[in-house]
Amino acid sequence: MKNFVEELTWRGMIQDSMPGTEAHLMETMRMAYVGIDPTADSLHIGHLVGVMGLKHFQLSGHKPVALVGGATGMIGDPSGKSAERNLLNEETLLHNQNAIKEQLARFLDFDSDAENAAVIVNNYDWMKSFSFLEFIRDVGKHITVNYMMAKDSVKKRLSSESSVGMSFTEFTYQLVQGYDFLHLYRDKQCTLQMGGSDQWGNITTGAELIRRIDGGKGYALTWPLITKADGTKFGKTEGGNIWLDAERTSPYKFYQYWLNTSDIDAEKYIKIFTFLTRSEIEALVLEHREAPHLRALQKRLAEEITTMVHSKEDLENAIKASEILFGKSTSEDLRQLDEKTFLDVFEGVPQTEIAKSEIEAGLDVIGALAEKGGFLKSNGEARRALKENSISVNKEKVKEGYSITVNHLINGKFVLLQRGKKNYFLLRVV
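Rules used in this analysis
- Residues numbered from 1 in each chain as written.
- Predicted model: local features only at pLDDT ≥ 70, side-chain atom pairs only at ≥ 80, totals over all residues.
- Heavy atoms only, no water.
- Phe/Tyr/Trp six-rings, centres within 6.5 Å; stacked < 30°, edge-to-face > 60°.
- Helix = DSSP H or I, 4+ residues; strand = E, 2+ residues; numbered from the N terminus.
- Buried < 20%, exposed > 50% of the residue type's maximum accessible area, 1.4 Å probe, protein only.
- Lys NZ or Arg CZ within 6 Å of the ring centre and 35° of its normal.
- UniProt positions renumbered as here; feature names shortened; annotations may be inferred.
- Contact = heavy atoms within 4.5 Å.
- Salt bridge = Lys/Arg side-chain N within 4 Å of Asp/Glu carboxyl O.
- Core = buried A, V, L, I, M, F, W, Y, C linked by side-chain atoms within 4.5 Å.
- Lys, Arg positive; Asp, Glu negative; His and termini not counted.
- Polar contact = N/O pair within 3.5 Å; in protein donor to acceptor, adjacent residues only side chain to side chain.

Asks: I'd like a rundown of the packing of aromatic side chains, residues and numbers included.
Replies: Tallied over the entire structure, the rule returns 18 aromatic pairs. Geometrically, the ring pair formed by W258 and F273 is tilted, given 5.1 Å between the ring centres and 55° between the ring planes. Taken as a pair, W258 in helix α12 (residues 251-259) and F273 in the loop between α13 (263-272) and α14 (278-290) lie far apart in primary sequence, 15 residues in all. Exposure class is identical for W258 and F273. Each is buried. Ring pairing ties together the aromatic residues F234, F254, Y257, W258, Y269 and F273, which thus form one cluster. Positioned above the aromatic ring of Y147, the side-chain terminus of R212 is 5.6 Å from the ring centre. The side chain of R248 reaches across the aromatic face of W243, ending 4.3 Å from its centre.

This is how it looks when you write it as structure tokens:
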């Protein structure tokens, strides 16, 4: 049996744990669960700490349980929230749960014959037939209002700082989550619940229910909420969340997010978001500190996590796409990009629309650069740039007299103009 707590400790993945947790896990194979909120049909990188925690648990010889919160997702967890969330209908939740299961299967072994193969459960399955009267009689009477009010998640929302207060629905959330722990303790002998540090109050309520109702012992372990050194929110960009679903966040953008991590954060993240060994990470950190400009840590972090979430092929394509902006590449490299990745690579690059008839007739490069395209201010400036050999069309140098035709179209609608190394312009054919 591998020491799970020791492994998570050196990786910086433990915030709090109940006394006796480590010894309990070293005795025999145990079962632990992490709750996953199904409010979207994809996980985002904020979920990854929990997923990595479950994977380390499995690698340590224990049995992980992913609990998809179909019931709790209908209520909304008040922890760390300043307002109540929108409630989802059953059909939407079911769709989201199925999509999340597929993503989890990239990390956890669900299908092998191993004794510690992972399990997915949905708390809607045991909550849907639980009547309100049964719940308040069988669960509610064991936990006092004083106990519930003492939780930070409740106190913050009921404080004078909060203008919205808290509905009864959200107030009962910790009881519903606590009952999940009790149910899994009874049904599967699950003795540990894990989650982010903001879940400590909810997890300990579950352990308290196990103690008060069944006279049993439940354990709790939380990891720190991930932060960034510059104070901005982890897992967010101006465009929103960084998702694991390639349709929501392209592998290129996913790769770039990790590649652009600061040195301080990269040292922390490579322990949390990869399965590299301690000695491998220590060697990488040393290499990075000796030559930080080479960004060895960021590159390895981005490579490991992009391959894990997407695939080796997606990683290679993301690296190729990155080199299009910052390295040597050809028109053939451009043509290999799908439209989404192409637009991600050239996000923010100025563009203009050109009628397809102009391209079909053959658009003179000077017109494309100046009068028709508007990349350069005048035909004269376009001629000077062409004489200086600083103009490229789809990454290939061109001279005066060159014509742009339908053969130049990338994804059937784009032509990339470039002056020098860093000035780009897009013609979008309509």
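Once you've had a look at it, read on.
Asks: How would you sum up the UniProt feature "binding site: L-tyrosine" (unreviewed entry) in the protein? Please name residues and give values.
Replies: When the UniProt feature table is mapped to this numbering, "binding site: L-tyrosine" (unreviewed entry) covers Y33, Y173 and Q177. Structurally, Y173 can be placed in helix α10 (residues 173-188). Looking at the element boundaries, Q177 is found in helix α10. For Q177, a relative accessible area of 6% corresponds to the buried category. For Q177, the residues in contact, after removing those within four places along its chain, are Y33, T72, Q193, Q199, N202 and I203.

Asks: I'd like a rundown of the UniProt feature "binding site: ATP" (unreviewed entry) in the protein, residues and numbers included.
Replies: Sites flagged by UniProt as "binding site: ATP" (unreviewed entry) map to K236. Residue contacts for K236: discarding those within four places in its chain leaves N241 and Y257.

Asks: Outline unusual backbone geometry, supporting the account with residue identities and numerical values.
Replies: Within the chain, R295 stands out as a residue other than glycine whose phi angle is a positive 55°. Tracing the backbone shows R295 in the loop between α14 and α15 (296-309). For R295, a relative accessible area of 29% gives the class partly exposed. A positive phi is found at N389, a non-glycine position, where the angle reads about 60°. If you trace the backbone, N389 turns up in the loop between α21 (379-387) and β11 (391-393).

Asks: Give me the lowdown on the pattern of salt bridges, citing residues and values where you can.
Replies: The final tally for this structure, using the stated rule, is 18 salt bridges. Its salt-bridge partner being E282, residue R278 comes within 3.6 Å of it at the nearest N-O pair. With a gap of four residues between them, R278 and E282 both fall in helix α14, about one helical turn apart. Judged by relative accessible area, which is 46%, R278 ranks as partly exposed. Among the charged side chains, a network of salt bridges with common partners joins K2, E7 and R11.

Asks: Lay out the nonpolar core with the relevant residues and their values.
Replies: In terms of nonpolar packing, the biggest core is built from 54 residues, with I45, F107, M194, W258 and F273 touching the most fellow members. Filtering out sequence-adjacent residues up to four positions away, M194 remains in contact with F4, A32, Y33, V34, G53, L54, F57, I203, L221 and W223. By size, the runner-up hydrophobic cluster in this structure holds 31 residues, among which are V154, F181, L184 and I203.

Asks: Can you explain the side chain of D265? Please cite residues and give values.
Replies: With respect to the element layout, D265 can be found in helix α13. No salt bridge is formed by the buried D265; the nearest opposite charge belongs to K268, separated by 4.3 Å. One polar contact links D265 to S262, side chain to side chain, over a distance of 3.2 Å.

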